[in-house]
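Breakdown of the fold
Residue strings, one per chain:
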Amino acid sequence: MRYARPKYVVTGVTALGGLLFGYDIGIMSSILQMEGFNEYFDSPDALATGVIVSSLTIGCFLGSLLSGPLADRFSRKITIMLGALVCTLGSAIQFASISRAMLIVGRFVNGLAIGFLSSVVPMYQSETAPPGSRGRMVSLQQWAVTWGIFLAFGIDYGCSYIEGARQFRLPLGLQIVPSVILLFTMAFMPFSPRWLVAHDHVGDARQVLGRLRAYGHTSAPEVTEELRLIHQTIAFERATKASSYWELLKGPNRRRTLLGCGIQFMQQFTGINTLMLYSPTIFRSIGMGSVQSIAMFQAINGLVNVTSTVPAILWIDRWGRRATLLLGTLLIIVFYLVLSLLLRSYDALTDLTSHDSVIFNLGPRGLGIASICMVYLVVASFAFSWGPCGWLIPSEIFPTHLRARANSVTTSTNWISNFAVTLTSPILLQIAGWRLFLAFSIIMAVNMALIYLFLPETKNMTLEEMDSLFAGSVWAFRPATLARKSGNCHSADTAATASDTTAADASLDSYELTATV
C-alpha cells in the first residue's frame, strides 16, 4: 500500500464483498427462466420460486444479526474474512445441488455470508475512510454491488446458450472465485483504527492511520489529530455509556436507530429487488418470449445499474445525502407512475374487450419498449440515490461503541424487508400486475416526506461529530436557538468527563505498540 492510494486499495479489496452481494442478488433472476433449470427442478411455481429466491434473504437476516457481536469481538476484518469463507461453502452447495431443498440450503448459507458482508463492509469502509471522502468510499461498495449484479446477468445471458444442467450450474459455481479472492486479499488489509483504539491498541491504530492518511508517516499532524479525537470520543463513551443493544433505544440513539432502520426499510420498498429479480417476469408479460432476449434485457438492466452509480461515487460528498435521496426519490415516483400506466395500457390493448381503457396508444410493441425503458429509468434513479445512501447513512451516524451492533440491527431490517418483498413479489405481480408499481409510487411519496422532515445532512462530518448532530430535536431543520442549546448540552456532558478524556489524550504519546496489524 506504500505507493498506491491506500484508501482506494482498502476500499477496493473490501468492495469484493459488495460484488458477492450483488452477484447473489442477480444470479437467480434469469436462471429461473432457463429451460435446463426448470427441467431439472420440475418448473417451480410462484410460491416455490419465492421460497428459492427469499431463502437467501432469511440467511442474510440472521447473518446480519450475528455480525454485530462478531465484529466487536473479533474485529471488522476477521468478520469479513469469515463471510468470504462461508460464501465459498454456500456457493459449492448450490453448484452441487441435486434437489430444491439442497439449492435452498445453499442459498441460505450464502445468505449468512452476505449478511456478514453487507453489515460489516460499509462499517469497515466508513471507519477507515477520511471524512471528506467517506461518501465516495462507501459508494464504491454499492458500485461493486451493481457490478456483481451486472456480471450475474451477463453470465446468465452467456450460459443461456448452453444446454442441460450446466446452463445453471456454471453461474452458481462461479461465485466461488470472488469469495476466495476476498478471503486471501483481506488478510493483508489493516484492522479498523477505531476498533483498535476501542480494544486498547492505540499504537497499532496510529500505525494504521499513518498508512491510510500519510503514506506511513505516523507523526503527521492529521494522523495525531484524528487519533486524538477517536481516543477522546471512545474514552468519553466508556466513561458515560454502556455498550448493549438496549442503548440503541435510549436518548438520541433512539432517533439514530429509527433513522438507520427506516432508511434500510425504505430502500427495500423502493421496489428495486422486484425489478432486479423479477423483471424477466415483466419482460415476458409484455411479449418478450425467448430466454435469450430476456437475459439480454436483464444484462442491459445490470449495465444501467452500474453506470448510474458513478455520479454518486463522484459527487455524493459534494451534493450531500439529503439532496441525493430527495432527487432520486422524486424521479422514482414519476417513472413508477408512468410504468404503471404503460402496463395498464398494454393489458387493455391486448384485451380485445377493453380498448377504451388504453391511456398510451402506442401499439403492443411500442408499449413494451416504453415499459422496459421505464424499468431502466427507475433502476438508474435508484442507483445514484437509494443504492449508495441506504448503506452509507446507517454506517456513519452511530457512535463507535454501538456502531457494530447498530449496523447489525439496521442491516437485518433491510434483509427482513427484502425477504417480504422477494417472497411476495411474484405473487403480487400475478395478482395485481401494474397496480403493484402504482403502489410503489405512493410508497416513495411517503418516503420522500420522511426524508425531508427527519434526515439531517452528514456530509464532511467526522464520525465523532455525529453526537452533536443528533442531540436535541428530531427534525432535520432545527431553529438556531435549539441547535445552540443542544451544543451547550453536549459541551456540558463532555466537561463532566474532562478528567477521563485528558488522561486519555496524555496516554497517546506514551502508548507503546501492543500488537501487529
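Structural notes, computed from the coordinates. Starting from 1, residues in each chain are numbered consecutively following that chain's sequence as written. Two thresholds apply to this predicted model, a pLDDT of at least 70 for residue-level local features and 80 or more for giving and counting side-chain atom pairs, whereas whole-chain, interface and lining totals are computed over all residues. Side-chain figures throughout are based on the complete set of non-hydrogen atoms in the structure, without hydrogens or water.

Brief notes about the overall build of the protein
Strands are runs of DSSP state E lasting at least 2 residues, helices are runs of H or I lasting at least 4, and numbering of each runs from the N terminus. Secondary structure assignment for the protein yields 23 helices and zero strands. By the burial criterion, 58% of the 517 residues in the protein qualify as buried. Partitioning the contacts of the protein with sequence separation of at least 6, the portion at a separation of at least 24 is 81%. Each accessible area is a Shrake-Rupley result for a 1.4 Å probe, and residues are judged covered by the shown protein chains and nothing else. Total accessible area on the protein is roughly 19800 Å²; 67% of this is exposed by carbon and sulfur atoms. Note on classification: 1.4 Å probe, protein chains only; a residue is buried when its accessible area is under 20% of the maximum for its type, exposed when over 50%, partly exposed between these limits. In this analysis, two residues are considered to be in contact whenever any of their non-hydrogen atoms come within 4.5 Å of each other.

Notes on the packing of helix α18 (residues 386–396) against helix α19 (residues 400–431)
What counts as an axis is a line fitted to C-alpha atoms, over the stretch in contact for a helix, and the angles between N-to-C directions run from 0 to 180 degrees. The interhelical angle for the contact between α18 and α19, taken along N-to-C directions, is 150 degrees, at an axis separation of 9 Å. In terms of axis orientation, α18 runs roughly antiparallel to α19. For α18 against α19, the interelement crossing comes out right-handed. Counted together, Trp391, Pro394 and Ser395 of α18 and Arg403, Asn407, Thr410, Thr411 and Asn414 of α19 form the full contact between these two elements. Its residues placed into classes, the contact of α18 with α19 shows two nonpolar, five polar and one charged. We call two directions roughly parallel when the angle between them is under 35 degrees, roughly antiparallel when it is over 145, roughly perpendicular when it lies between 65 and 115, and oblique otherwise. For a crossing to be left-handed, the near helix must be turned anticlockwise from the far one by less than a right angle; the clockwise case is right-handed. Under the scheme applied, nonpolar residues are Ala, Val, Leu, Ile, Met, Phe, Trp, Tyr, Cys and Pro; charged residues are Asp, Glu, Lys and Arg; polar residues are all the others, including Gly.

Concerning unusual backbone geometry
Look at Ser43: it is not a glycine, yet its phi comes out positive at around 45 degrees. With a relative accessible area of 47%, Ser43 lands in the partly exposed category. Look at Asp200: it is not a glycine, yet its phi comes out positive at around 65 degrees. Looking at the secondary structure, you find Asp200 in the loop between α10 (193–198) and α11 (202–214).

Considerations on the packing of aromatic side chains
Any two rings among Phe, Tyr and Trp, with Trp reduced to its six-membered ring, count as a pair given centres within 6.5 Å; such a pair is stacked if its planes are under 30 degrees apart, edge-to-face if over 60, and tilted if neither. On inspection of all chains with the given rule, the structure shows 18 aromatic pairs. Both rings, one in Phe37 and one in Phe168, keep their centres 5.7 Å apart while their planes meet at 90 degrees; by these two values the pair is edge-to-face. Here the residue Phe37 occupies a position in helix α3 (residues 35–40), and Phe168 occupies one in helix α8 (residues 166–173), the gap between them amounting to 131 residues. Overall, the relative accessible area of 1% leaves Phe37 in the buried class. Taking the relative accessible area as the measure of exposure, Phe168 reaches 1% and is therefore buried. Seen in terms of ring centroids, Tyr157 and Tyr161 are 5.7 Å apart; in terms of plane orientation they differ by 80 degrees. Their pairing is edge-to-face. Tyr161 gets classed as exposed once you look at its relative accessible area, which sits at 52%. Through successive ring pairs, a cluster of aromatic residues spans Phe37, Tyr40, Phe41 and Phe168. A cation over a ring is seen here: Arg169 above Tyr40, with NZ or CZ 5.0 Å from the ring centre. Charge-over-ring placement is defined geometrically: NZ (Lys) or CZ (Arg) within 6 Å of the ring centre, and within 35 degrees of the ring normal. Lying across the ring of Tyr245, Arg405 places its NZ or CZ 5.7 Å from the centre.

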